[in-house]
Each structure stands twice: as structure tokens, then as C-alpha cells.
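Examining the three-dimensional arrangement
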Amino acid sequence: MLLQNFSGINALNYYSATLIRNVGFKGTSVSLLATGVYGLEKAFVTLIFMSFFVDTLGRRKALLIGSLGAASGMLYLGIYTNVSHSFSKTPPRDAGSSIALAAIYWYTFWYAMSWNGIPFMFCAEVFPARIRMLCMTMTTCMQWLAQFIIVYSLPYMVVSIKGYVFIFFAAWTIFSFFFTLFLMPETKGVQLEDMDILFNIKGTAFRKDREFKRIVDRKSTRLN
């Protein structure tokens, strides 16, 4: 939940109109249109992916792919805003600014199909029934606390580090990739009763997935 917010999504949620102006798109109607497209994209991509594709691709793989895609969008925004000095002057509407706007939508797509919904799904799946209510309360509180940290801090970050704020979010999103790679095993298709088996296996996510598959295969063979 912490990484979900440190990827920078709420910076775009609350300040998307300002950030879009900072990449050269002036005018209230243009900003509102760009903001509206951003909001609709996030909603529809999340809805479609979580409804039809998350059980095919898997939670872990979606988070890994989404982290790299979202990080590349944030990285371009960081490079562009620093090169064009868009936080201190309005940049021209050129190819660079158009790609920067596209990078916002690119980031949104990869974030929406991964970190927007899967953390809630993952948290709902992995806790034992006897403590699930308490654990979901704690993870949801962490989500709101992280959101508060980012939304409160962002104006100060923009003033102090300007375009490097996007680099900051890109770095956290890259960290999210490695966090998922080494610490988050795949929970697709794992029964609630087997979660204890999966998470009691010591080692990295690679070892948990490998050993859990071996245990399940052995149990299936014994039953047959």
C-alpha cells in the first residue's frame, strides 16, 4: 500500500491539471480535457484488467510489468521537465511536450493495470480468516496515510526539487519492481487454506513459488 502511493499516482490525481500545464498545454479547456481523459483511462483500464485479465496474467507478473511501464513514463516526465525547465517557464507546444502528455497516459495505463487494484486484491487474499478484518483495516489505513504523505508533501517537493519530483516517483516505482520480484510470490489460484503453506516457505518469492508448486504437485499425486 505504501508503494502504491509512492509511485506518484496521487500526485497526478490531485495536481494533474497543474502538471499538464507544466508540460506546455495551456488553457482551462485543454487542461480539463486532458485531466478528464486521464481519469477515464485510469478507471476503464483498471475495470477491464481486474475483470478479465488479472487471473490470466497473475498478480506478480502484472505488478512487475506495470512497475517497469509506469517507471518509464515517470522517467521521461522527469527528463523532459528538467531539460525544458517547465517548472520555471511555460515550455512551447512541440514534440517534446506532446510526448510528455503521452507519457502521463502511458504511466496511467501501466499503473492502472497493476498497482491501482492489485494491492487491494493481494491484501484481501493472503491473510488468515481469523485476522483478515484487522489486517485489512491496517493495510487500508496505511494506504490513506501514504496518500496523505504524498499529497501534503508534493507542493513542497515541486518548489524545492521541481522536475526531479518525477525522478523521485520513478525511483520508487523501480524499487517496487524489485520489491515484487524478490518478496511477493504469486497468489493466483492459491486457495485460502494454502496461504499459510506458501508464506511459511522461507526465502525469496522465487523459492516460495517453486517450493509451493512442488508441494501442491506432491499433494495432488498423493490424492490421485
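The coordinates are above.
The notes below deal with the structure included here. These numbers were taken from a predicted model, which means no experiment stands behind them. Numbers given for residues are sequential positions, taken from 1 along each chain in its written order. Only residues with pLDDT of at least 70 are given local features in this predicted model, and only at 80 or more are side-chain atom pairs given and counted; all residues enter the totals for whole chains, interfaces and linings. Water and hydrogen atoms were dropped before computing side-chain values, which therefore reflect all heavy atoms in the structure.

Some details on the side chain of S67
The test is simple: Under the DSSP-based scheme used, a helix requires at least four consecutive residues in state H or I and a strand at least two consecutive residues in state E, with every element numbered from the N terminus. Partly exposed residues are those whose accessible area sits between 20% and 50% of the maximum for their type, while under 20% is buried and over 50% is exposed, using a 1.4 Å probe and protein chains only. Only heavy atoms matter for contacts: two residues are in contact if any of them lie within 4.5 Å across the pair.
Relative to the assigned elements, S67 resides in helix α5 (residues 59-84). Given a relative accessible area of 1%, S67 falls into the buried group. The residues contacting S67, other than those within four sequence positions of it, are W115, T173, S176 and F177.

A look at the packing of aromatic side chains
Pairs of aromatic rings are described using the distance from one ring centre to the other and the angle between the two planes. Quick note on the threshold: For this analysis, a ring pair means two rings from Phe, Tyr or Trp (six-membered ring only for Trp) whose centres lie within 6.5 Å, classed as stacked if their planes differ by under 30 degrees, edge-to-face if by over 60, and tilted for the remaining angles. As a reminder, the over-ring test applies to NZ of lysine and CZ of arginine, requiring each to be within 6 Å of the ring centre and within 35 degrees of the ring normal.
Following the criterion strictly, the structure yields 16 aromatic pairs and no others. Ring centres 5.5 Å apart and planes at 70° place the aromatic pair W106 and W110 in the edge-to-face group. Taken together, the residues W106 and W110, both in helix α6 (residues 95-112) and four residues apart, mark about one turn of the helix. Judged by relative accessible area, W106 falls into the partly exposed class, the value being 43%. Given a relative accessible area of 18%, W110 falls into the buried group. Where Y152 meets Y156, the ring centres are 5.7 Å apart and the plane angle is 45°; that geometry is what we call tilted. Separated by four residues within a single helix, Y152 and Y156 lie in helix α8 (residues 132-161), roughly one turn from each other. Classification of Y156 by relative accessible area gives exposed; the value is 54%. Through pairs of rings, three or more aromatic residues link up here, namely F6, F168, F169, W172, F175 and F179. Across from the ring centre of F206, 5.0 Å away, lies the NZ or CZ of R60, which sits over that ring.

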